[in-house]
Amino acid sequence: MQFESSMFVAACWKRAPFLRLTVPFMAGISIQYNAPLPALSLYILILAAFAALLFIRLLPVAYRYHYSWASGIPVFILLYGSGAMLLVSAGIGQTDRDVSAWPDSTQYWLAKVEEPLQEKPRSRKTLLTVTAVYAQGRWSTSGGRLLAYFSKDSLSAGLMYGSVVLLSKRPVKITNSGNPGAFDYRQYCAAQQLYHQVFLKERDYRQLSRPQPRDLTACLLQARDFCLEQLKNRIGKGAEAGMAEALLIGYRQDLDPEVVNAYSNTGIVHIIAISGMHLALLYASLLWLLRWLPSHRAANIVRALLLLTVLWGFALLTGASASVLRAAVMFSGITAGNLLLGRKASTYNMLAASAFVLLCYHPWLVMDAGFQLSYLAVLSILLFYDAIYKLWRLQSWWAKPVWQLTALSLAAQILTLPVSVYYFHQFPVYFLPANLIAVPLSTVVIYGEILLLFLAPFDPLAGWVGTALRWLIYTMNTVVAWLGQLPFALVEGLQWSLLQTGCCYLLITGMAVWLSGRHRRGFWLALSACWIMMGDQAVRHIISRQRRQLIIYNVPGYTAIDCISQGKVQFMGHDSIWKMPAAKQLQAARAAMDVQPGMVADLEQRGRYLCVGRKQLVVLDSILPTSVPVQRLRVNYLLLNGNLNMKMDRVLAWYNADTVIFGGACPPFRIRRWAEACTSSGIPFYNIPEEGAFIMPF
């Protein structure tokens, strides 16, 4: 049995040459992203690998044959170094070299709108590409990309893709909340080479031109607008129309937040995100429509060109997400192999090849959760679907497809579960019934929407189809929302470390090997991984009980302070925050630190004064009295928060603080004035909006 397992692994390894390329290449990108090496070190590593390959090539044939395994080591190092160098050359994770090169005297920025404006509650969001800057009386070419938020005025309503705007407001760095357990938005933007943002009011910019671009992007946007117009006209403008737009072309701006929350709680959020399932449906439909073409080379070329054109056009139309690109590259390889080369490609090889191609184009995708979940889902289905399906043989015409979908859902969940828990800290209990209901209904809806677009010139028929789709989507949303509200529908607060996530995959591997081949080593691998996970959890629990910290959160508009000691946490600040969306940040931080609400014995609170251990903190969020004390009050930390219209001189006349802290509710312009005053007085300060939450151990 051991011999058969080894032969199977070796055969798969040989049939998937791209797998041997992708693994070290991806490792180089991942490690360089988290633990970067200097470019010079990577050059030396690559040159050393080349030298080793040349040395092995010059050895006698007998030595090369006997030590053939050794030639793989420098190849592995070469691919590893190439992946790391690709990340370095792309500048991902580093500072924005174009933006940082702008001189301080820059007065104007010339930029181009790169995507249609997205409606937000208080602004319109888009992406700008800077082309030139005006500094010291002259224009000079420049580069860099910006996240731009335009106020909802009449001028921004006329902005469109390709518009050229003149900015007079300096962009600021994209900041991160820095709260424990919070999503690292700054790192997420840096992976896409976005480092700065700007909020523009009507007086801060001028639109110079409204061109009518005729490039591919403009054509795709026109096609998207046509689809949106037809769906809104035939289905309506409510939650059903938003779901229809998301299902067909991945347009998510009109989605109802409650609907998105229901799909997320039931573990089927992939339904409303354009993914490989949509391209698989499109690919199967195209093959069925083109089956009338004869089976000779010229017809196969025509069939392949039509398939590739429609696939990539749809992928670009829907925004080219990681999962869509993965499916598009895979189906392109299958099409080229079957129709152009007459060879049936290995699925594992195509999966690895698509990952290799996408990482060469966008190396930051290796850190994208959608990219990881997409590939893990496909790999999980390839590995476990047949084994699960063969557990129960059903021949009934209705039971067989139900069991096939059940086996598919279970198989996809096996390898995606650890990553889902690691990123989202929750597990949907009713994911299986939700998939059994939503997948067939969404498939019918997608085909119905395609039919609706074809029937657009015929008003009566299109109206009937639109009405049917509206009721079908309403039924699907209602059932999913009902499942999400059932007791124990969602297990929240799951906090897995990176070590636990890796051990979970070792556990799955060991169990799969042991159950499939009755290999005893698989059992011991699974048992060892389980013990490591339990040990890591125990260590984290002990650390949480020893944590003694005072945390001032970065929450705009509120004062939020947590005092943590011996696994207990006590809140101080504005109690109204628990009724606002900002409460989720505090709940996520407490879950990440594994603490529970309770009274902290080390904390003494008297009005504005907080005493923890031997350190004192004063919270100043209201105007001080006009009279000045004879002797300044000595404190370790002074927190200024809220819209305090006071000069720093007046504050320092009351308090003698070792460190001044500027809270997240303070206006930026006032923080700048206070920071200048502290710098001139030689007083250390901490800026929470820029540096993140302030953590004070005691």
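Computed from a prediction, not measured in an experiment: that's the story for all the values here.

Some details on the overall build of the chain
Part 1 of the argument: A count of helical and extended segments in the chain gives 24 helices and 22 strands.
Part 2 of the argument: Within the chain, the proportion of its 698 residues that are buried is 44%.
Part 3 of the argument: Taking the intrachain contacts of the chain between residues at least 6 apart in sequence as the baseline, contacts between residues at least 24 apart amount to 66%.
Part 4 of the argument: Put simply, the chain shows about 37,200 Å² of open surface, and 63% of that area lies on carbon and sulfur atoms.
Part 5 of the argument: Distance between charge centroids for the chain: 7 Å, based on 60 positive and 36 negative side chains.

Comments concerning the environment of phenylalanine 685
Part 1 of the argument: As for its placement among the helices and strands, phenylalanine 685 is situated in strand S21 (residues 685-687).
Part 2 of the argument: Residues phenylalanine 685 and alanine 657, spaced 28 residues apart in sequence, show a C-alpha to C-alpha distance of 9.8 Å.
Part 3 of the argument: In contact with phenylalanine 685, other than residues within four places in its own chain, are Thr659, Val660, Phe662, Ala675, Cys678 and Thr679.

Topic: the sheet that holds strand S22 (residues 694-697)
Part 1 of the argument: Ordered by their spatial adjacency, five strands build an open sheet running S15-S14-S13-S12-S22, and the pairing between neighbours is mixed. In this open sheet, the two strands that pair with only one neighbour each are strand S15 (596-597) and S22.
Part 2 of the argument: Bridging between strand S14 (residues 568-573) and S15 involves two bridges; their strand directions are parallel. When the bridges of S15 are listed, valine 569 appears paired with proline 597.

What about the sheet that holds strand S19 (residues 633-640)?
Part 1 of the argument: Strands sit in the order S16-S17-S18-S19-S20-S21 across an open sheet of six strands; the sheet is mixed. Lying at the two open borders of the sheet, with one neighbouring strand each, are strand S16 (603-606) and S21. Averaged over all neighbouring strand pairs, the angle between strand axes comes to 25 degrees, with direction disregarded.
Part 2 of the argument: Direction of pairing for strand S18 (residues 615-620) relative to S19: parallel, over a ladder of four bridges. Bridge pairing in S19 links leucine 620 to leucine 640.
Part 3 of the argument: Contacts from helix H23 (residues 668-681) reach S19, strand S20 (655-662) and S21 within the one sheet, and its direction differs from that of S20 by about 140 degrees.

Here's the deal with the pattern of salt bridges
Part 1 of the argument: One pass over the full model with this rule turns up eight salt bridges.
Part 2 of the argument: Put simply, aspartate 459 and arginine 234 hold a salt bridge, and the shortest N to O gap is 2.8 Å. You can see aspartate 459 sitting in helix H18 (residues 459-484) and its partner arginine 234 sitting in helix H8 (residues 216-235), a full 225 residues away along the chain.
Part 3 of the argument: By relative accessible area, arginine 234 is classed as buried at 19%.
Part 4 of the argument: For aspartate 658, the salt bridge identified is with arginine 634, shortest N-O distance 2.7 Å. Of this pair, aspartate 658 sits in strand S20 while arginine 634 sits in strand S19, and the two are 24 residues apart along the sequence.
Part 5 of the argument: On the accessibility criterion, aspartate 658 (30% relative accessible area) is partly exposed.

Some words on helix H10 (residues 257-265)
Part 1 of the argument: For H10, the complete set of buried residues consists of Val259, Ala262, Tyr263 and Asn265. Down the axis, H10 shows its buried residues gathered within 165 degrees of arc, on one side only.
Part 2 of the argument: Among the structural elements, helix H9 (239-249), strand S10 (426-428), H18 and strand S11 (490-492) are those in contact with the buried residues of H10.
Part 3 of the argument: Between the side-chain oxygen at the start of H10 and the backbone nitrogen of glutamate 258 there is a gap of 3.1 Å, and the oxygen is on aspartate 256.

Some thoughts on the packing of helix H3 (residues 39-58) against helix H5 (residues 72-90)
Part 1 of the argument: Contact pair H3 / H5: the axes reach a minimum separation of 9 Å and the direction vectors enclose 155 degrees. Classified by the angle between their axes, H3 and H5 sit roughly antiparallel to one another. Crossing hand, H3 versus H5: left-handed. Contact with H3, carried on its side by Ala39, Leu42, Tyr43, Leu45, Ile46, Ala49, Phe50, Ala52, Leu53 and Ile56, involves Pro74, Val75, Ile77, Leu78, Tyr80, Gly81, Ser82, Ala84, Met85 and Val88 of H5 and no other residues of that element.

Brief notes about the packing of aromatic side chains
Part 1 of the argument: As enumerated under the stated definition, the model contains 20 aromatic pairs in all.
Part 2 of the argument: Put simply, the rings of Phe18, Phe25 and Phe356 pair up and form one aromatic cluster.

As for unusual backbone geometry
Part 1 of the argument: Unlike most non-glycine residues, histidine 425 shows phi in positive territory, near 60 degrees.
Part 2 of the argument: In this fold, histidine 425 is placed in the loop between helix H16 (399-424) and S10.
Part 3 of the argument: The phi dihedral of aspartate 594 falls on the positive side, at around 55 degrees, and the residue is not glycine.
Part 4 of the argument: Overall, aspartate 594 belongs to the partly exposed group, its relative accessible area being 28%.

Some words on the nonpolar core
Part 1 of the argument: Counting 37 residues, the largest nonpolar core has Met243, Leu247, Ile249, Tyr263, Ile268, Ile271 and Met476 as the members making the most contacts within it.
Part 2 of the argument: Contributions of two or more residues to this core are made by H8, H9, H10, helix H17 (431-454) and H18.
Part 3 of the argument: Leaving out residues up to four positions away in the same chain, isoleucine 271 has contacts with Leu247, Tyr263, Met277, His278, Ala438, Val439 and Ser442.
Part 4 of the argument: Counting residues in hydrophobic clusters, the runner-up holds 23 residues, among them Leu644, Met646, Leu652 and Trp654.

Some details on the side chain of serine 374
Part 1 of the argument: Note on placement: serine 374 falls in helix H15 (residues 369-389).
Part 2 of the argument: Here serine 374 falls in the buried class, since its relative accessible area comes to 7%.
Part 3 of the argument: Apart from the residues lying within four places of it in its own chain, the contact partners of serine 374 are Ser323 and Arg326.

A look at H8
Part 1 of the argument: Between its first and last C-alpha, H8 extends 28 Å over 20 residues, near the 28 Å set by a 1.5 Å rise per residue.
Part 2 of the argument: Each element contacted by the buried residues of H8 is listed here: H9, helix H12 (297-317), H17 and H18.
Part 3 of the argument: Once H8 finishes, glycine 236 follows within two positions and takes phi at roughly 120 degrees, a positive value.

A short note on the environment of serine 622
Part 1 of the argument: Relative to the helices and strands, serine 622 is located in the loop between S18 and S19.
Part 2 of the argument: For serine 622, a relative accessible area of 30% gives the class partly exposed.
Part 3 of the argument: C-alpha separation for the pair serine 622 and glycine 642, spaced 20 residues apart in sequence, amounts to 7.6 Å.
Part 4 of the argument: Ignoring anything within four residues of it in the chain, the contact list for serine 622 reads Arg608, Leu644 and Met646.

Considering a nonpolar patch on the surface
Part 1 of the argument: A surface patch of nonpolar side chains, amounting to about 540 Å² of accessible area, comprises Phe523, Trp524, Leu527, Trp531 and Met534.
Part 2 of the argument: Examined against the element boundaries, methionine 534 turns out to sit in helix H20 (residues 520-546).

Some thoughts on the side chain of serine 442
Part 1 of the argument: Position of serine 442 relative to the elements: it lies in helix H17.
Part 2 of the argument: For serine 442, a relative accessible area of 0% puts it in the buried group.
Part 3 of the argument: Among the polar contacts listed, one links the side chain of serine 442 to the backbone oxygen of valine 439, at a separation of 3.0 Å.
Part 4 of the argument: Discounting residues that sit within four places of it in the chain, serine 442 has contacts with Leu247, Ile271, Met277 and Met476.

What counts and what doesn't
Residues numbered from 1 in each chain as written. Predicted model: local features only at pLDDT ≥ 70, side-chain atom pairs only at ≥ 80, totals over all residues. Heavy atoms only, no water. Helix = DSSP H or I, 4+ residues; strand = E, 2+ residues; numbered from the N terminus. Buried < 20%, exposed > 50% of the residue type's maximum accessible area, 1.4 Å probe, protein only. Contact = heavy atoms within 4.5 Å. Areas by Shrake-Rupley, 256 points an atom, 1.4 Å probe, with all protein chains shown as cover. Lys, Arg positive; Asp, Glu negative; His and termini not counted. Charge placed at Lys NZ, Arg CZ, Asp CG, Glu CD. Pairing = 2+ DSSP bridges. Axes fitted to C-alpha atoms, helices over the stretch in contact; angles between N-to-C directions. Salt bridge = Lys/Arg side-chain N within 4 Å of Asp/Glu carboxyl O. Arc of directions from axis to C-beta. Polar contact = N/O pair within 3.5 Å; in protein donor to acceptor, adjacent residues only side chain to side chain. Parallel < 35°, antiparallel > 145°, perpendicular 65-115°, else oblique. Left-handed = near helix turned anticlockwise from the far one by under 90°. Phe/Tyr/Trp six-rings, centres within 6.5 Å; stacked < 30°, edge-to-face > 60°. Core = buried A, V, L, I, M, F, W, Y, C linked by side-chain atoms within 4.5 Å. Expected span 1.5 Å × (residues − 1). Patch = residues over 30% accessible without salt bridge, like charges linked within 9 Å, V, L, I, M, F, W, Y side chains within 5 Å.

In short, the description is geometric, and any link to function would need to be established separately.
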